[in-house]
Amino acid sequence: MRIFRQSLILLSSVLASFLTFLGTANADGHGEFKLGVVTFLSGPAAEPFGVPAWNGGKLFIKLLNEGKAPAPYNKKGFGGMKITAIPIDESGGATKQVQEFRNLVQRDKVDAVLGYVSSGDCMAIPSVADELKALTVLYDCGTPRVFEDASYKYVFRTAAHAAMDNIAIAKYLIEKGHDISSIAGINQNYAWGKDSWKDFSVSIKKLSPNSEIKNELFPKIFSGQYGTEISALLNSKAKVVHSSLWGGDLQSFILQAKPRGFFKRTQVVFSAGDHVMPGLGNKYPEGVILGARGQYGMMAPDTALNAWWYKTYMDEYGVFPAQPPYRMVQGLMGLKMAIEKAMEKNGGKKPNKDQIADAFKGLEFEAPGGLVQMKLGNGHQAIQPHAIGKTAKDKNGNITVTDIVRYKASCVNPPNGIKAVDWINAGFPGADC
Amino acid sequence: MIDEILTIILDGAIYASWLFIVALGLTFVFGVLKILNIAHGGIYALGAYSTATLAPIFYSLGMPEQFVVLTMLISALAVAIVITPIMERGILRRFYGQDEVLIVLVTYAIYLVLEDVQKLIWGMNSLYVSEPRELLGALEFGSLYYVGYDLALIGLAIFCGLTLWFVLNKTQSGKIVLAVINNPEISGCMGVNINKVYLAAFFVGAFLAALSGSFTAPLISVQVGISVAVVIESFAVVIIGGLGSIPGAVIGALIIGMARAACVHKLPEAEIFIMYFCMAGMLIFKPKGLFEGVQARKI
Amino acid sequence: MLRNLLNNIIFQSVFLMTTLILMGIFIPNWLVFVVTKAIAYGLVGLGIITLMRGGLVSFGQGFVFGIGGYSAGLLGVHAGLTDAILLLFISFIVTGLVGLIIAPLLARYRDIFFAMLSLAFSMVLYGILIKIDAIGGSDGFVLPESTYFGIKPTTDYADYVLYVVSILVAGFVSILLRYYYNSTPGLIALAVRENELRVEYLGSSAFKVAVLNFTIAAGLGGMGGALNGIALGHIDPEFTYWTTSGEFVFISILAGYLSVPAVFLAALLLELVRSFSGRYFPDTWQLILGVFLILSIIFIPSGIGSFFKNFFDTFSKNKKS
């Protein structure tokens, strides 16, 4: 009998804990829009991407809720609904993120999820999102494969994929007459680094078939020690060294390479090199060609919307916004426009997921980084204009970006229906520059 | 050709020295306390952070630049002084005599806590202390420049290794530690205060971890997440060299350092894999590493 | 008669399983999912507990967890095999065999050395997995949706069906293990834990026991990996990472080696703590998780299983009578 009582105790304790947690599930409120925001809050990707992005997102959401953003984003919240954000840490790998995503959708009953920096997460989440019919906005990750290998109903990406970064850099090198007779690369050993190098090296080969590939280095991610790689790259005497390193890896690489005369001996290009500028400040080397994954930060276009955003962020945090906050705000703006468009169609009532997804498809909206058009992946994947520049010291001795060349979205992004890699291999057919 | 080989050796030696300094404390603590201290990586990060905090203060005092090395030592000491009582006395001591794996788990928990403690104390922004790296200038070697500071790391590694070896083998307190390593029970019966030895050994291990962080700080941007790689790499060194063995750590660091340098120069595709390859080979042919530290079990 | 029936381990398990399956209808979706995941982790924990009874703890169960997950995933993607129950069974066999191959290498070692070497194995596998682009490299890959005896449940019911399957699997495994623990080799394991030397003198082989236990642990770990992969619909090298292995060890230590159901409870507890600290303290969830680990090890040193120790005692008494 005792054993039976014991199992009853076990059962009831399990039940009790169930019920306790049941109580935490909130009821679906009216006039409120629950938004799960997933980005890196711990680990090596937090400092460069997650935290500045969420800083920007937090600030923008606050301003939206107060109705203080400029037109066309001046409506309070999302179409009058107050935005309640639930931030979640993105670290821990794609599998853990699938679970966190399910928790957000099923437990917290969020209306939408905005997030994901890591390409691995962006590859894993969409199939679950469609399965759970959860509206999902990918705001940052780079891999083109998300909408090239599959199509999803409820998933959108409001920023251009990474192919543009490397195509534009290749074009820039040629237009500016740089010596590209030999190239070398140092990129992290995972999808992002490998894709970036492939896009860049193939683009260069297409534009200048005689250039020779010297070293292709793929150090492991977060290794932080690049002494050997720097020696190997210097020994190769390549004219151009390409890198898509980011965050702490990029900072460490710069700190270790600079005293060895690396940036004076070879032309270095960083495909996503702007986001460490606020941190490194004047330790950033001169003469580096860099992209910001869009017209962001020091390469942002001269528009009223950008001037407002740049100043707002600068006033709040004391540093200029680099790509991460721009991209998160771009995602929020896209979502806001889609919701408000759907709301209008729905007679001013809160639209459902299907209505928002319909409105999101093919949406065009003006963001601080320029016009964003949801043109690829049948209206689910954005393209946007791009800019490439070169670092130099201004007259006060501060590092800044000069020699900026801007590229139309249709010049550096493939047309709908063509995979980025095929488009590069075919020599950019139909590019409208 | 000769140039390239020399470059490989030099690059390998620099990297191996760094690995050795990082792994030395880990293998020492393991040798004495039989604890694989996963929080080693966390202490390394604390060392880096405390140097990144104290060095700017030092520079603002306007003292001769060379003394920054002292600041780095002091910051490592400070970390060890703060962390040892908390970790060893406060937490780990409760678990001595219990399953060793339980203690590994506890150090893992401490590692998790330290990750967020860094965030709470220093925030999310990167810190930079590249100034000490300019201290020794640059040397031309072949057609390449090497930074004097990087080369000095080789000296630091040799110094740390030799000092620890000397203290262990040539001083009385060192011999007591060796006795405890060999057999804690009997040493205890002979009147050795084992708890004191453990505390001292843990302190040395924590100091070495923090020191490696302090001297790595000028090379990197100090930020959240720098401890992850350290845990794995120092573990690999220790596995290859033999758990708890100092000469083993030398060999382990040299094998990984040289193999990696050779790969980066001659076979870049294999670079990411080489460390695991060395480890796998060692596991299959000599599962307890090149230098077996202590007896697995006295049967 | 009734008393005997109530004390019967099979009756208890069936009762518990039925209750949980019925409960699954009423509890919210997310919890169904969390329980499924906890069972996946609990299966791996059961494996470690099997080892623990023989005095060994593996700090590298991520190794078999990953192999199990990847074999289920690869069979699903490349061989079109999507039957969840079949996949669970196959991954049990596959990882059991892998375990049998490496067990003789590991079984020579004890204590911390055993733990460290198993950890090293898992890290080597991690190094290999992130390198192979054909299976997604560091990103991993998406698994096809599972079927059950040729039937594919609609999305609304998929989670629940898998929940039921995992409860049945967990119950079945628990009963078998309970019988194994009380069998001769199962009891020798306990003796090895007490004093290996005496066991050897009495003519039994501690080595054989270790190999057998490691093989069982490997099979269970693989099954847990497959279940986890199927539940999440995605798999990546993180399965084999040392932090994942650390969680398994924590589950088994929190549960203690005295009770089988306690393992699943421990897994559920960890899952809930992690998930809720991540939800409400996104910046400092690691701190909370770490403190939770330390406190539970300090205050429940012999595991929550010690609360249910009577499960075990009563059953041994039955055996004697």
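Rules of the game
- Residues numbered from 1 in each chain as written.
- Chains lettered and ligands numbered in written order.
- Predicted model: local features only at pLDDT ≥ 70, side-chain atom pairs only at ≥ 80, totals over all residues.
- Helix = DSSP H or I, 4+ residues; strand = E, 2+ residues; numbered from the N terminus.
- Buried ≥ 20, exposed ≤ 12 C-beta atoms within 10 Å, placed from the backbone.
- Rg over C-alpha atoms; globule rule 2.2 N^0.38 Å.
- Contact = placed C-beta atoms within 7 Å.
- Core = buried A, V, L, I, M, F, W, Y, C linked by C-beta atoms within 7 Å.
- Domains from an automatic or database assignment.
- Nonpolar A, V, L, I, M, F, W, Y, C, P; charged D, E, K, R; others polar.
- Axes fitted to C-alpha atoms, helices over the stretch in contact; angles between N-to-C directions.
- Parallel < 35°, antiparallel > 145°, perpendicular 65-115°, else oblique.
- Left-handed = near helix turned anticlockwise from the far one by under 90°.
- Pairing = 2+ DSSP bridges.
- pLDDT = per-residue confidence, 0-100.
- Expected span 1.5 Å × (residues − 1).

1. Comments concerning the overall build of chain B
In terms of helices and strands, chain B carries 11 helices and two strands. Along chain B, helices (α) and strands (β) appear in the sequence α-α-α-α-β-β-α-α-α-α-α-α-α when read from the amino end. Taken over 299 residues, chain B has a buried fraction of 56%.

2. Brief notes about the overall build of chain C
Scanning chain C from N- to C-terminus turns up 14 helices and two strands. Taken over the C-alpha trace, chain C has a radius of gyration of 19 Å; the compact-globule value for 321 residues is 20 Å, and the two agree within 12%. Overall size of chain C, expressed as C-alpha extent along the three principal axes, is 50 × 50 × 45 Å. Burial status across chain C gives 59% buried among its 321 residues. Of all intrachain contacts in chain C linking residues separated by at least 6 positions in sequence, the fraction that spans at least 24 positions is 82%.

3. Thoughts on the nonpolar core
Counting residues in each nonpolar core, the largest one holds 362 residues, and the members touching the most others are B:Leu105, B:Ala210, B:Met279 and C:Met116. By residue number, the principal contributor to this core is helix H1 (residues 2-33) of chain B, which donates 19 residues. Built from parts of two domains, this core gets at least three residues from each of domain 1 (32-161 + 302-383) and domain 2 (163-299 + 385-425) of chain A. Among residues more than four places away in sequence, those in contact with C:Met116 are B:Leu36, B:Ile239, B:Leu243 and C:Phe59.

4. Some remarks on the interface of chain B and chain A
If you look at the interface, chain B gives 36 residues, while chain A gives 34 residues. Sorting the residues of the side of chain B that touches chain A by element identifies H1, strand E2 (144-147), helix H9 (227-241), helix H10 (246-266) and helix H11 (271-285) of chain B as the ones contributing at least two each. The dominant element in the side of chain B that touches chain A, judged by the number of residues it contributes, is H1(B), at six residues. For the side of chain B that touches chain A, a count of residues per class yields 20 nonpolar, eight polar and eight charged.

5. Some words on the packing of H10(B) against H11(B)
Residues and elements named next belong to chain B. Between H10 and H11, the shortest axis-to-axis distance is 9 Å and the interhelical angle comes to 150°. By the angle between their directions, the pair H10 and H11 is classed as roughly antiparallel. You can see that H10 and H11 cross each other, and the crossing is right-handed. Contacts from Ile255, Ile256, Ala259, Arg260, Cys263 and Val264 in H10 reach Glu271, Ile274, Met275 and Cys278 in H11. Its residues assigned to classes, the contact of H10 with H11 comprises eight nonpolar, no polar and two charged.

6. Considering the pairing of strand E1 (residues 138-141) of chain B
Within a regular strand, the side chains alternate between the two sheet faces. Two elements, E1(B) and E2(B), share four bridges in a ladder whose sense is antiparallel. The residue bridging B:Glu140 from the neighbouring strand is B:Tyr145, located in E2(B).

7. What about the packing of helix H6 (residues 172-182) of chain B against helix H8 (residues 194-216) of chain B?
Residue and element names in this part refer to chain B. For the pair H6 and H8, the least separation of the axes is 10 Å and the interaxial angle reads 105°. Taken together, the axes of H6 and H8 are roughly perpendicular relative to one another. When H6 is examined against H8, the residues Ile176, Val177 and Val180 are found in contact with a partner set consisting of Ile194, Val197 and Ala201.

8. Observations concerning the environment of A:Val240
All names here are of chain A. By secondary structure assignment, the location of Val240 is in strand E8 (residues 240-243). Assessed through the 24 C-beta atoms surrounding it within 10 Å, Val240 is described here as buried. Once the C-alpha coordinates of Val240 and Met123 are considered, the two residues, 117 residues apart in sequence, prove to be 31 Å apart. Every residue in contact with Val240, bar those within four places of it in the chain, is listed here: Leu173, His178, Ile180, Ile183, Thr266, Gln267 and Val269.

9. Re the sheet that holds strand E6 (residues 182-186) of chain A
Residue and element names in this part refer to chain A. Spatial ordering of the open sheet is given by E7-E6-E8-E9-E10-E14-E15, a layout of seven strands whose pairing is mixed. Each having just a single partner strand, strand E7 (212-217) and strand E15 (399-407) make up the two edges of the open sheet. Within the sheet, the average angular offset between the axes of one strand and its neighbour, ignoring direction, is 20°. Pairing of strand E14 (residues 386-393) with E15 involves seven bridges; the strand directions are antiparallel. When the bridges of E15 are listed, Lys393 appears paired with Ile399. Helix H8 (residues 227-236) rests against E6, E7 and E8 of the sheet, and its axis sits at about 175° to E7.

10. Some thoughts on the environment of B:Ile256
All names here are of chain B. Position of Ile256 among the secondary structure elements: in helix H10. Once the C-alpha coordinates of Ile256 and Arg89 are considered, the two residues, 167 residues apart in sequence, prove to be 34 Å apart. Excluding residues within four positions of it along the chain, Ile256 makes contact with Ala16, Leu19, Ala236, Val237, Ile240, Met275 and Cys278.

11. Some details on the pairing of strand E9 (residues 267-270) of chain A
All names here are of chain A. Here E9 shows a buried face lined by Gln267 and Val269 and a second buried face lined by Val268 and Phe270. Relative to E9, E8 runs parallel, the two sharing four bridges. Across the sheet, residue His242 finds its bridge partner in E9, namely Val269. The sheet contact formed by E9 and strand E10 (residues 289-291) spans two bridges and is parallel. By the bridge assignment for E10, Val269 is matched with Ile289.

12. Observations regarding the confidence of the model for chain C
All names here are of chain C. Looking at chain C, pLDDT values average 85 and 93% of them are 70 or higher. Helix H14 (residues 309-320) is the least confidently modelled element of chain C, averaging 49 in pLDDT, while helix H4 (residues 62-78) averages 93, the highest of any element. Counted against residues more than four places away or in other chains, residues 314-321, with its pLDDT under 50, gives five contacts.

13. A look at H10(B)
Here H10(B) contains 21 residues, and its C-alpha end-to-end distance of 30 Å stays within 8% of the 30 Å for a straight helix at 1.5 Å per residue. The element H10(B) is extensively covered by neighbouring structure, given that 15 of its 21 residues are classed as buried.

14. Looking at unusual backbone geometry
Residues and elements named next belong to chain A. The residue after Ala71, namely Pro72, is reached through a cis peptide bond having omega 0°. Structurally, the position occupied by Pro72 is in the loop between helix H2 (46-66) and strand E2 (82-89). Of note in this structure, Lys109 is not a glycine but carries a positive phi near 50°. For Tyr116, which is not glycine, the phi dihedral falls at a positive 85°. Its place among the elements puts Tyr116 in the loop between strand E3 (112-115) and helix H4 (119-131).

15. Topic: the environment of C:Gly42
Residues and elements named next belong to chain C. With respect to the helices and strands, Gly42 occurs in helix H3 (residues 29-53). Accessibility expressed as a C-beta count within 10 Å gives 34 for Gly42, which makes it buried. In the structure, Gly42 is positioned 70 residues away from Ile112 in sequence and 22 Å away in space, judged by C-alpha atoms.

16. So, the confidence of the model for chain B
On average, residues of chain B carry a pLDDT of 87, and 97% of them reach 70 or more. A low-confidence stretch, residues 293-299 of chain B stays under pLDDT 50, and its non-local contacts, those more than four residues away or across chains, total 15 contacts.

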